[in-house]
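# Notes for the structure review
One letter stands for each residue in the lines below.
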Amino acid sequence: MQTRRAAMLSAVAAVTLSVISARTASAAPREAGRVRLTLPAPSGPYPVGTISLRLVDASRPDPWMTSQPYRELMIGIRYPARAAGAYPTAPQMLPGEAAGFAALNNFSDVPSDEVDWSATRTHAHEGAPVARNAGPYPVVCYSPGAGDPRSLGTTLCDDLASRGYVVVTLDHTYDATAVQFPGGRVESTVLPAEFAKAYPDLDRITALLRKALAVRVADTRFVLDALPGALPRELRGTLDLDRVGMFGQSAGGFTALQAMYDDPRIAAAAGLDGVLAYVQEDSTPGNLSTVAANGLDRPFLLIGKEGNDLGTVPSWDSLWRHSHGWHRGLTLRGAQHATYTDAEAVIPHIAHRLGLPRRTVVENIGTIAPRRAISAQRAYLAAFFDRWLRGRDDHGLFDGPSDRYPEARFFS
């Protein structure tokens, strides 16, 4: 959570003023001439279908909006499809989500208003029929980084779905930059304003981080509770909820591992460069989460940016020492924090189109070649879930260094 999280929090005063009005964002017109982006195609054998669902937890008042007596979420479901060509591809972000994302703009030195974020199409087809020949499929939940929308993990989520998983992506309302609900209503993040109220009191900042993580874990557990009854008829029987995994980037990785610690339904989890303590910098000791302090008895995978390992991230070291189940950890040489999001695919394109200097690319996604970074992430993530949700052989990928992925360096 270090680089983009710290940038978001330290720029709170300016950001809070720029965040869009929730009721007008979806009506913002497109501007001609802005950069339009593409995402890498999934690598698996299945085309991908997708639907979005609104879920309401009536048992829980919204922790960020105390006047609201229920918690309201949007989730996306990616799944293996068939005959998908006749169905339109889904946008990465709806207009209100795109406007909110552009307003917050966590990318360093990238002129976000020169990018048409709402124009990006995914490789998932809206409402395409399910490929039922190999189902029911294992389920993998995805949680994004602090302040990020669920759509910023599209490259990895679509790829897992194309390999035969149902991927459930979570938007944590009032945490994500902007969440657009059916009918066009948009709810924007409150995190910048909450941090502004807490700063510079370290105890209040720690309490805010604890609250944000607790809300995310509660969201995850509610989604697992709600899914069986919330699925539309065409997806019923497609999800194998006895085989559930979870992964996420930054705060989403923290969420995945803590949710697995708290909920036995999650059989395996992967954290992509997410610290497991209530701290602002990954290297800060103390304020450990319960998952880091007590460890796990089920399989987990940690993947970090260059420089993040057991010797530099105290919460990872604690998790490692206290865990008794299978676990592996690795870093990708040259990777940066946002390498594990769609930034890896889109930042080079933006930089090329707008003539941005190479230092802007490196600051956001490091020096690793994007094609290599995406290929390695996809391979290790799929191999991990294949092994622990499907019982498949990983062909030695987790035994040590691989000639196929020389960028990967395993934790000792």
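Everything discussed here concerns the structure shown above.
All values derive from a computational prediction rather than experimental measurement.

### Comments concerning the packing of helix α6 (residues 202-230) against helix α7 (residues 251-262)
In the contact formed by α6 and α7, the axes pass within 9 Å of each other and the chain directions differ by 60 degrees. With respect to their mutual orientation, α6 and α7 come out oblique. Taken as a pair, α6 and α7 cross one another with a handedness that is right-handed. On α7, the residues that touch L213, R216, V217, T220 and R221 of α6 are A251, G252, F254, T255, Q258, A259 and D262. Within the contact of α6 with α7, the residues separate by chemical class into five nonpolar, four polar and three charged.

### Describing unusual backbone geometry
With omega at 0 degrees, the peptide bond leading from G135 into P136 counts as cis. With respect to the element layout, P136 can be found in the loop between β4 (121-126) and β5 (137-143). For the bond from Y199 to P200, the omega torsion is 5 degrees, close enough to zero to count as cis. For P200, the position within the fold is in the loop between α5 (191-198) and α6. Positioned with a positive phi, N105 is a non-glycine residue whose angle comes to about 45 degrees. One non-glycine residue with positive phi stands out, namely H395, at about 55 degrees. Residue position: H395 is located in the loop between α12 (370-390) and β13 (408-410).

### As for the sheet that holds strand β11 (residues 300-304)
One open sheet accounts for 11 strands, arranged β3-β4-β1-β2-β6-β5-β9-β10-β11-β12-β13; its pairing is mixed. Edge positions in the sheet fall to β3 (89-91) and β13, since each of these pairs with one other strand and no more. Within this sheet the neighbouring strands show an average axis-to-axis angle of 30 degrees, counted without direction. Here β3 runs beside β4; their pairing, made up of two bridges, is antiparallel. Its bridge partner lying in β4, T89 is registered against H125. Along the sheet face, α6 touches β1 (48-57), β2 (71-80), β5, β6 (166-171), β9 (239-249) and β10 (266-272) and points at about 60 degrees away from the line of β2. Against the sheet, α12 makes contact with β5, β9, β10, β11, β12 (327-332) and β13, and its axis sits at roughly 145 degrees relative to β9, the strand it touches most.

### Focus: the pattern of salt bridges
Summed over the entire model, instances satisfying the criterion amount to 24 salt bridges. A salt bridge links R216 to D175; its shortest N-O distance comes to 2.8 Å. Placement of R216 in helix α6 and of D175 in the loop between β6 and β7 (178-180) is noted, with a sequence separation of 41 residues between them. The same class applies to R216 as to D175, namely buried. Here R390 ties to D386 by a salt bridge, and the two come within 3.1 Å at their closest N and O atoms.

### Let's talk about the pairing of β6
Most of β6 is tucked away: six of the six residues are buried. With five bridges joining them, β2 and β6 adopt antiparallel strand pairing. Residue pairing in the sheet places R78 in a bridge with V167 of β6. Where β5 meets β6, four bridges bridge the pair, whose relative direction is parallel. Its bridge partner lying in β6, V140 is registered against V167.

### So, helix α10 (residues 343-354)
For α10, spanning 12 residues, the distance from its first C-alpha to its last is 15 Å, which sits close to the expected 16 Å at 1.5 Å a residue. Listed as buried for α10 are A343, E344, A345, V346, I347, I350 and A351. Where α10 is buried, its residues meet α4 (154-162), α11 (358-365) and α12. Remark: G355 follows α10 within two positions and exhibits a positive phi of approximately 70 degrees.

### Here we look at the side chain of R298
Within the secondary structure layout, R298 lies in the loop between α8 (290-294) and β11. A distance of 3.2 Å separates the side chain of R298 from the side chain of D297, its partner in a polar contact. Not counting the four nearest positions on each side in its chain, R298 is found in contact with M260, Y261, D263, P264, I266, A267, G325 and W326.

### Observations concerning the packing of α10 against α12
Close contact between α10 and α12 brings their axes to 9 Å; oriented N to C, the two are set at 170 degrees. Here α12 runs roughly antiparallel to α10, going by the angle between their axes. Where α10 abuts α12, its residues E344, A345 and P348 lie against P370, A373 and I374. For the contact of α10 with α12, a count of residues per class yields five nonpolar, no polar and one charged.

The rules behind the values
- Residues numbered from 1 in each chain as written.
- Predicted model: local features only at pLDDT ≥ 70, side-chain atom pairs only at ≥ 80, totals over all residues.
- Heavy atoms only, no water.
- Axes fitted to C-alpha atoms, helices over the stretch in contact; angles between N-to-C directions.
- Helix = DSSP H or I, 4+ residues; strand = E, 2+ residues; numbered from the N terminus.
- Parallel < 35°, antiparallel > 145°, perpendicular 65-115°, else oblique.
- Left-handed = near helix turned anticlockwise from the far one by under 90°.
- Contact = heavy atoms within 4.5 Å.
- Nonpolar A, V, L, I, M, F, W, Y, C, P; charged D, E, K, R; others polar.
- Pairing = 2+ DSSP bridges.
- Salt bridge = Lys/Arg side-chain N within 4 Å of Asp/Glu carboxyl O.
- Buried < 20%, exposed > 50% of the residue type's maximum accessible area, 1.4 Å probe, protein only.
- Expected span 1.5 Å × (residues − 1).
- Polar contact = N/O pair within 3.5 Å; in protein donor to acceptor, adjacent residues only side chain to side chain.

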